[in-house]
Amino acid sequence: MGLGKTIEVGVLLTELIQRGRGQRILVVALKSILAQFQEELWARFTIPLVRLDSVGIQRVQARIPANQNPFHVFDRVIVSVDTLKKDSRYRAYLEGCHWDAVVIDECQNVAVRGKNMAQRARLAKLLARNTDALILTSATPHDGNPESFASLMQLLEPTAVADPKNYTHEEVGDLFIRRFQKDVRAGALGQFHERQVDTLT
């Protein structure tokens, strides 16, 4: 939390755009942070994302032929994970889309937990298949379940984990970066201000 996930996403997307590999971008985030994510990518990196919700998708559909995919209208889109998962029609549209880059924020919400794959996990698997670059971000610590973490690693590289119940750091270590506040403080060379806490009664 607060260690610059959105900025890291902006840096990665900017690099992909510079390389000619970032024309079509999809950002999937929680509804509560869509506006913040959209604003930061625009203000810091000049990456414009069109925000689509259920109403927005319906408006797009009203302007295009019935057989046209609404996700082909805009090249750079930000949408809520719950908007995408709740309507089976969106799945058909997404199956027909290819993205240069897909970002899934708070990716712990799309991890597989238990034997039944939730809608969010199925959505993530579909998006992972239909993109050249997949970026997963999370501020939530790993829950300790090796199988749920393996499901995230398999989104990034389907062959990375042979046995989701038993694998080593060496098998997946090149697929993720985990940073703690102490790591960022060490790299910031004293630019963090100490927090002052005052108790008000």
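This text follows the structure it describes.
A brief report on the enclosed structure follows. (Residues numbered from 1 in each chain as written. Predicted model: local features only at pLDDT ≥ 70, side-chain atom pairs only at ≥ 80, totals over all residues. Heavy atoms only, no water.)

## Let's talk about the overall build of the protein chain
- When its secondary structure is counted, the protein chain shows nine helices and five strands.
- Each helix and strand of the protein chain, ordered N terminal to C terminal, gives the series α-β-α-β-α-β-α-α-β-α-β-α-α-α.
- For the protein chain, whose C-alpha radius of gyration is 18 Å, the value lies close to the compact-globule estimate of 17 Å for 201 residues.
- For the protein chain, the C-alpha atoms occupy an extent of roughly 55 × 45 × 40 Å along the three principal directions.
- The buried share of the protein chain, reckoned over its 201 residues, is 39%.
- Here the contacts in the protein chain between residues at least 6 apart in sequence split such that 70% fall between residues at least 24 apart.
- Split by element, the accessible area of the protein chain, about 12400 Å² in all, is 51% carbon and sulfur.
- Computing the positive centroid from 26 side-chain charges and the negative centroid from 23, the protein chain places the two 6 Å apart. (Helix = DSSP H or I, 4+ residues; strand = E, 2+ residues; numbered from the N terminus. Rg over C-alpha atoms; globule rule 2.2 N^0.38 Å. Buried < 20%, exposed > 50% of the residue type's maximum accessible area, 1.4 Å probe, protein only. Contact = heavy atoms within 4.5 Å. Areas by Shrake-Rupley, 256 points an atom, 1.4 Å probe, with all protein chains shown as cover. Lys, Arg positive; Asp, Glu negative; His and termini not counted. Charge placed at Lys NZ, Arg CZ, Asp CG, Glu CD.)

## A few points about the layout of surface pockets
- If you add up the space inside the second largest pocket, you get close to 380 Å³.
- In this structure, the second largest pocket is lined by 18 residues; those nearest its centre are Val-112, Met-117, Lys-125, Ser-151 and Gln-154.
- Sorting the residues of the lining of the second largest pocket by element identifies helix 6 (119-129) and helix 7 (146-156) as the ones contributing at least two each.
- Tallying contributions element by element places helix 7 first for the lining of the second largest pocket, with five residues. (1 Å grid on protein atoms, 1.4 Å probe; cavity = no way out; pocket = protein on both sides within 12 Å on 5 of 7 lines; lining within 4 Å. Points joined across faces, edges and corners; volume = space filled by probe spheres on them.)

## Comments concerning empty space enclosed by the protein
- Counted under the stated rule, the structure contains one cavity of 30 Å³ or more.
- The computed volume of the largest cavity comes to approximately 40 Å³.
- The wall of the largest cavity is formed by Val-28, Ala-29, Leu-30, Val-81, Ile-104, Asp-105, Glu-106, Asn-109 and Val-110.
- Its residues placed into classes, the lining of the largest cavity shows six nonpolar, one polar and two charged. (Nonpolar A, V, L, I, M, F, W, Y, C, P; charged D, E, K, R; others polar.)

## Quick word on the pattern of salt bridges
- Taken as a whole, this structure holds nine salt bridges when the rule is applied.
- Between Asp-75 and Arg-24 there is a salt bridge, with the nearest N and O atoms lying 3.4 Å from each other. Of this pair, Asp-75 sits in the loop between helix 3 (54-63) and strand 3 (76-80) while Arg-24 sits in the loop between helix 1 (5-18) and strand 1 (25-29), and the two are 51 residues apart along the sequence.
- Given a relative accessible area of 13%, Arg-24 falls into the buried group.
- A salt bridge links Asp-82 to Arg-120, with the shortest nitrogen-to-oxygen separation between them at 2.9 Å. One end of the pair, Asp-82, is in helix 4 (residues 81-85); the other, Arg-120, is in helix 6, with 38 residues separating them in the sequence.
- Look at Asp-82 and you get partly exposed, because its relative accessible area is 27%. (Salt bridge = Lys/Arg side-chain N within 4 Å of Asp/Glu carboxyl O.)

## Some thoughts on the packing of aromatic side chains
- What the rule picks out here adds up to two aromatic pairs.
- Pairing Phe-71 with Tyr-90 gives two aromatic rings, centres 6.5 Å apart and planes at 90°, and the pair type is edge-to-face. Taken together, the residues span a long stretch of sequence, with Phe-71 in the loop between helix 3 and strand 3 and Tyr-90 in helix 5 (residues 88-95) at a distance of 19 residues.
- Seen from their ring centres, Phe-149 and Phe-176 are 5.3 Å apart, and the 90° between their planes marks the pair as edge-to-face. (Phe/Tyr/Trp six-rings, centres within 6.5 Å; stacked < 30°, edge-to-face > 60°.)

## Remarks on the sheet that holds strand 2 (residues 50-52)
- As summarised here, the arrangement of the five strands in space is 2-3-1-4-5, forming an open sheet in which the pairing is parallel. Edge positions in the open sheet fall to strand 2 and strand 5 (131-136), since each of these has one partner strand only. Recorded for the sheet is a direction-independent mean angle of 20° between the axes of neighbouring strands.
- When strand 2 meets strand 3, the two strands line up parallel, connected through three bridges. Of the residues in strand 3, the one forming a bridge with Leu-52 is Val-79.
- Running over the sheet, helix 6 touches strand 1, strand 4 (99-104) and strand 5 and is turned about 135° from strand 5. (Pairing = 2+ DSSP bridges. Axes fitted to C-alpha atoms, helices over the stretch in contact; angles between N-to-C directions.)

These values are about where atoms sit, not about what they do.
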